[in-house]
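Here is how the chains run, residue by residue.
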Amino acid sequence: MKVGDTVSWERTFTEDDIRLFNRISGDEGVHHVTPDEQGRLMVHGLLTATVPTKIGGDMNFIAREMKFQFHRPVFAGDTVRCEVIVVEFAPAEQYTNVRTDFVCRNQHGKEVMSGYAQGVIRR
């Protein structure tokens with residue numbers, strides 16, 4: 001792994017995902033349990049944030065700081081693709097300091113979330 005490397009992953013969110021996250025998180029805001037005028041349930045922001053964190057897990061990344069900016073809602077049936085880029089990679093004695101930036105877009109190419117993560121990878 002080195003600065004400039006990119007990794008991407010995508011998932012399609014379902015109503016079952018939203019209902020399960022309702023139970024796990026306790027977040028049962030009306031927009032997560034009652035469909036909107038178009039019959040859609042809104043995906044939780046932190047459920048959307050599992051897309052870049054899944055990539056971090058694949059890297060054995062241990063987060064120390066994360067920032068998410070939510071630009072537009074994600075709904076059941078939407079596919080979110082996230083691209084993560086390594087912007088800092090500094091090996092130390094027992095671990096490597098890593099910082100990544102990420103951008104997540106829906107199936108229409110519209111940005112739904114962006115942010116960064118800073119942490120370590122154990123050697």
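Whatever comes next refers back to the structure up there.
In short, a report on the structure. These numbers were taken from a predicted model, which means no experiment stands behind them.

Rules used throughout
Residues numbered from 1 in each chain as written. Predicted model: local features only at pLDDT ≥ 70, side-chain atom pairs only at ≥ 80, totals over all residues. Heavy atoms only, no water. Salt bridge = Lys/Arg side-chain N within 4 Å of Asp/Glu carboxyl O. Buried < 20%, exposed > 50% of the residue type's maximum accessible area, 1.4 Å probe, protein only. Helix = DSSP H or I, 4+ residues; strand = E, 2+ residues; numbered from the N terminus. Contact = heavy atoms within 4.5 Å. Polar contact = N/O pair within 3.5 Å; in protein donor to acceptor, adjacent residues only side chain to side chain. Arc of directions from axis to C-beta. Core = buried A, V, L, I, M, F, W, Y, C linked by side-chain atoms within 4.5 Å.

Some points on the pattern of salt bridges
Then, in step 1: Summed over the entire model, instances satisfying the criterion amount to seven salt bridges.
Then, in step 2: Salt-bridge contacts for R40 lead to D36; the nearest nitrogen and oxygen are separated by 2.9 Å.
Then, in step 3: We classify R40 as partly exposed; its relative accessible area is 30%.
Then, in step 4: Of the charged contacts in the structure, one is a salt bridge between D58 and K54, with a shortest N-O distance of 2.5 Å.

So, the environment of T79
Then, in step 1: In this structure, T79 sits in strand β3 (residues 79-91).
Then, in step 2: Residue classification places T79 among the buried positions, given a relative accessible area of 18%.
Then, in step 3: Placed 69 residues apart in sequence, T79 and E10 show a C-alpha to C-alpha distance of 6.7 Å.
Then, in step 4: Leaving out residues up to four positions away in the same chain, T79 has contacts with E10, R11, T12, R105, N106 and Q107.
Then, in step 5: Reaching out from T79, the side chain makes a polar contact with the side chain of T12 at a distance of 2.5 Å.

A short note on helix α1 (residues 15-25)
Then, in step 1: Within α1 the residues assigned to the buried category are I18, F21 and N22. The buried residues of α1 occupy an angular sector of 110° when the element is viewed end-on, so they sit on one face. Exposed side chains of α1 directed beyond 90 degrees from the buried face belong to D16, R23 and I24.
Then, in step 2: On its buried side, α1 packs onto α2 (30-33) and α3 (45-48).
Then, in step 3: Where α1 terminates, the next one or two residues include G26, which has phi positive at roughly 80°.

Considerations on the nonpolar core
Then, in step 1: Core analysis: the biggest nonpolar cluster contains 24 residues, and F13, V80, C82 and C104 have the highest contact counts within it.
Then, in step 2: Mapped by element, the contributors of at least two residues to this core are α1, α4 (50-58), β3, β4 (95-105) and β5 (111-122).
Then, in step 3: Every residue in contact with C104, bar those within four places of it in the chain, is listed here: P52, V80, R81, C82, K110, E111, V112 and M113.

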